[in-house]
Structure formats: C-alpha cells, structure tokens
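The chain contents come next:
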Amino acid sequence: MVGETLERVRSGINGMDEMMQGGFAFPSTVLVAGSAGTGKTTFALQFLARGVKDGEQGIFFTTLSEPTQWMLRFVTHFSFLDKDTFGKQIRYVDLGPTLRKDRDPDKLLKFIDDNIAEYMPQRIVIDPISVIGNMIKGDYRMFLYDLANHLKNWRAVSILTGEVLPQEPYPVEISYIVDTVVLLSLGLTSEGTRRKYLEILKMRGTQHTTGQHLMDVSRDGITVTVGLK
Amino acid sequence: MASAAAFREAASGAGGVLVLDVKCTQMTRVLVDILRHLITEREEAGVVFSVDRPSAFLSRLLEHQGIPQDRLLYLDAVTNISGESFDQEGKLELFSSPFCVNLFSEFVSCHSEKVAGGRKGFVVVDNLGALRPYMTNPCVERIVGALTTLGGGDAGFKSIFVMDKGSTPELYDIVMRLGGREVPL
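Residues numbered from 1 in each chain as written. Chains lettered and ligands numbered in written order. Predicted model: local features only at pLDDT ≥ 70, side-chain atom pairs only at ≥ 80, totals over all residues. Heavy atoms only, no water.

Here the focus is the confidence of the model for chain A. A low pLDDT means the predicted coordinates there should not be read in detail. Chain-level statistics for chain A give a pLDDT mean of 90 and a share of 96% at 70 or above. No element of chain A has a lower mean pLDDT than helix α2 (residues 68–75) of chain A, which averages 74, and none a higher one than strand β3 (residues 28–34) of chain A, which averages 97. (pLDDT = per-residue confidence, 0-100. Helix = DSSP H or I, 4+ residues; strand = E, 2+ residues; numbered from the N terminus.)

Below, the structure written as structure tokens:
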C-alpha cells in the first residue's frame, strides 16, 4: 500500500484520519487553505490540542492576522482546548514584530528556527503563512522552500494556514512546496443552505479520500463526515 | 527527563549495544536527553551518525540546549542530498549520499580507533529507520554490524539505537539479533 512505511500522527480533526491512512505523515508540511471563516485557525488549534493528548509539544506562530491575545480570547470556548496547556505544552510566538522590523527572510527563518530549537515541538503551526509573502523583501519562493525543508528537518508536522483570493482556490506558490494541501471552503447545498466543506487536494505518499466532504464546527471543534457532500 | 534517568541507570558504566524504543515523535527529545547525559555528565566522546536529516539540525539543537559538541564527530549521509548547506559545531564528515552502503561500513571501520581511541565512548544513530527508503534490510544489517564493532573491543563503548519498534519492527529485530539490549523507558 502507498505510504505504509510512513510514520503518522493523528490530525485531531474528528473523522479526518480515516481519509488519509491514519493521519499526517511524520514529519511533513500541510497547507490548510480557505477563505475567511472557513475554520483554518480552529483546524490548527485542534491539531495542536491532539498533540498535547498524545504527549507532544506544539508551537503556534502567529503572523499578522490576529494577535495572540485576541485569538485566544475567541477560541477558549472550544472544549478541546485546555487552558492549562497555554504557554506550556503549546507555546504561542508572535512573528509580527520580526516581520514588521526587518522584513528579512533570513532573519525570519532564523527566528523561527531558534524558537523550534529551544522548545523542540513535534507540532508547529504558522497562521497564516500567506501574509509573509506580502511582507518580506527578497525571494519568497526561496523562503518557502527553506522554511518547508527546515520544518521537516526539525522533525515535526507543520500546518501552514493560507488565505485564499477570489481568483485562486488556494495559494498556488505554497501548494508546491508542502506535502499536503487541505482546502476548506463554503458552498451551497441543494437546499440552498451555506455549509462548510473539507477536501484533501494533495498528500504525498498517502492514499487519501478525494472530493469535498461536509464539515461542521461546534464547541467540540471540526467534524468531517466522509461521504456527505 | 525520564529517559535520561532510565538511561543513566541502565547504562551506568556498561557498554554494548543499547536500544531505546520510543515513538517516532519523541526520538529527538530522547536523543538530546541521552547526549546531554553522555556528554555533560559522563564527559564521554562520541559519534553521531546522521542518516535521517542533516546533522546541522541536531547540532543546532544541542547548541540551544547548552550541550557542548567539541567531543562529537558527526558522520553525515544526508546533507549532500538535502538542499541544505550551513556551518555547524563539532567535527563533520560528509558522505555523498545514503546510498553508499559500502562506504558506510568502511568508514565506520576506519574511524574505530580515531573515535574510541582507547577511552570510553559511544556511537548514536539518528535515526536508523530512515535508511529504509535507501537500502534493503541486509544492507542495514551490515551497517548495524559495523557500528556495533566501532568500540574496537572497549568494554565501556556504547552503540546506541533510538528507534520506534512499532514502525520498524524488522530493524528492531536486526539490532536485537546483533546483541542489542533494550533500555526500558
């Protein structure tokens, strides 16, 4: 079977591991792309919370979407998040000041590397990665290549969230350098109701379910119902 | 950490082939923990054999964790195919790629004296399971065999394998067959 020798970690998303041979390959990089309100940050936090349950450490790098202070205030109502893990098993690091100050891809990468080397996490989130492309000076593609390479060599599964534009369904430049692309989207059902959907577009070394699958977000986090479209 | 305490007790003064069975996600932390014990507490010299990722990443981790590397020799089979190039602490020998199985064994044999040098030491592999995409199990067995003889008969020399028995049972069996002793964590 494809990917049977790859080690895997559970995604934390209810119903998703069955779509991808048991979980994300370890180590690997995952792009979770979607427009505003599709559940990207919730996905990322649920992934980190699963890691805590499995005895792993996580780092959540915020960029310039939402300061940690406000993000945490909005997400603490989720039942899967244990506040006792904040700053301990899950560390929050703001990339905003480094981005604003230098806009230098090498300095940004070093800042990320230094935090990882100090804390040794098995799960990493950068939320959102797509903002960095507009901020840094220099070669963005080279930065993305180095970043993805480093993240895997630190031996972690990393989720990079990506904001999408009306003219492109997902950030194309990032999709080439990651191992997995998960697309979160909004769509109308046949009854005319707007619902959320999850689709795995790409997953290296893994046989995965294709197509859009219905996704619900509740106090318990995201649940995917495979087969419901 | 618990792994250092268990390792300290099981490996205190003893050499041989030591196997630590840990989940793949915990390998790096356990590896750093063990190196901290061997280098800072026991002041031993040793070899890190990198077959999974460029040794610079482990080197940087040790630097951040305050573990000195002046008594470490890195044998690195990955950097040349990794797309990475950077300076690192510690002595470094690069292989052209992990496909050079014969070179592995020869190189390990050649370094036996240089590394052990009549004093206690160790070799640790980061991480044996990563060799599976590159070579067959008999090839891995030859490498493991060469690594276990690296101490050149020094009773205190340790060949340490941090591995995930659950994901690489066949490699675990090979190491145990070649005299491995599992350190319970």
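Residues and elements named next belong to chain A. Applying the stated criterion across every chain yields a total of 18 salt bridges over all chains. Between Asp 54 and Arg 10 there is a salt bridge; the shortest N-O distance is 2.8 Å. Pair noted here: Asp 54 is in the loop between α1 (40–53) and β4 (58–62) and Arg 10 is in the loop between β1 (7–9) and β2 (24–26), with a separation of 44 residues, a long-range link. Residue Asp 54 is classed as buried on the basis of its relative accessible area, which comes to 17%. Of the charged contacts in the structure, one is a salt bridge between Asp 102 and Lys 107, with a shortest N-O distance of 3.8 Å. (Salt bridge = Lys/Arg side-chain N within 4 Å of Asp/Glu carboxyl O. Buried < 20%, exposed > 50% of the residue type's maximum accessible area, 1.4 Å probe, protein only.)

This next bit is on the sheet that holds β4 of chain A. Residues and elements named next belong to chain A. Pairing within the open sheet is mixed, and its nine strands lie in the order β5-β4-β6-β7-β3-β8-β9-β10-β11. Two strands lie at the open edges of the sheet, namely β5 (90–94) and β11 (221–225), each paired on one side alone. Going from strand to strand, the sheet's axes swing by 25° on average, the running direction of each strand aside. The pairing of β4 with β5 spans five bridges and is parallel. By the bridge assignment for β5, Ile 59 is matched with Arg 91. Relative to strand β6 (residues 123–127), α1 is tilted by about 165°, and along the sheet it contacts β3, β4, β5, β6, β7 (157–163), β8 (180–188), β9 (194–203), β10 (213–218) and β11. Its contacts with the sheet put helix α4 (residues 105–119) on β4, β5 and β6, and the angle it makes with β4 is roughly 160°. (Pairing = 2+ DSSP bridges. Axes fitted to C-alpha atoms, helices over the stretch in contact; angles between N-to-C directions. Contact = heavy atoms within 4.5 Å.)

With that settled, consider the side chain of Thr 38 of chain A. Residues and elements named next belong to chain A. Tracing the sequence through the fold places Thr 38 in the loop between β3 and α1. At 2.7 Å, the side chain of Thr 38 forms a polar contact with the backbone oxygen of Ser 35. Residues within four places of Thr 38 in sequence aside, it is in contact with Leu 184, Ser 185, Leu 186, Lys 196 and Met 215. (Polar contact = N/O pair within 3.5 Å; in protein donor to acceptor, adjacent residues only side chain to side chain.)

Attention now moves to the confidence of the model for chain B. Averaged over every residue, the pLDDT of chain B is 79; residues scoring 70 or more account for 72%. Considering each helix and strand of chain B separately, the mean pLDDT is smallest for helix α4 (residues 101–116) of chain B, with a value of 59, and largest for helix α3 (residues 55–64) of chain B, with 93.

Residues and elements named next belong to chain B. For helix α2 (residues 27–41), with 15 residues, the first-to-last C-alpha span of 20 Å sits near the 21 Å given by 1.5 Å per residue. A large share of α2 lies buried, amounting to twelve of its 15 residues. Considered for burial, the residues of α2 that qualify are Met 27, Thr 28, Arg 29, Val 30, Leu 31, Val 32, Asp 33, Ile 34, Leu 35, His 37, Leu 38 and Ile 39. Taken from the residues just after α2, Glu 43 is the one with a positive phi, measuring 55°. (Expected span 1.5 Å × (residues − 1).)

With 15 residues, α4 of chain A ought to run about 21 Å at 1.5 Å a step, and its terminal C-alpha atoms sit 21 Å apart, in line with that. The distance from a side-chain oxygen at the start of α4 of chain A to the backbone nitrogen of Asp 106 of chain A is 2.8 Å, and the residue carrying that oxygen is Asp 104 of chain A.

Residue and element names in this part refer to chain A. Interhelical geometry of α4 versus helix α6 (residues 140–153) gives an angle of 10° and a closest axis separation of 11 Å. Classified by the interaxial angle, the pair formed by α4 and α6 is roughly parallel. When α4 is examined against α6, the residues Pro 105, Leu 108, Leu 109, Ile 112, Asp 113 and Ile 116 are found in contact with a partner set consisting of Phe 143, Asp 146, Leu 147, His 150 and Leu 151. Looking at the contact of α4 with α6 residue by residue, the classes come out as eight nonpolar, one polar and two charged. (Parallel < 35°, antiparallel > 145°, perpendicular 65-115°, else oblique. Nonpolar A, V, L, I, M, F, W, Y, C, P; charged D, E, K, R; others polar.)

Residue and element names in this part refer to chain A. Along β7, six of the seven residues are buried, which leaves the element largely enclosed by surrounding structure. In terms of strand pairing, β3 meets β7 through seven bridges, oriented parallel. Its bridge partner lying in β7, Val 30 is registered against Ile 159. Strand direction decides the pairing type here: β6 and β7, joined by four bridges, are parallel. The residue bridging Val 125 from the neighbouring strand is Ile 159, located in β7.

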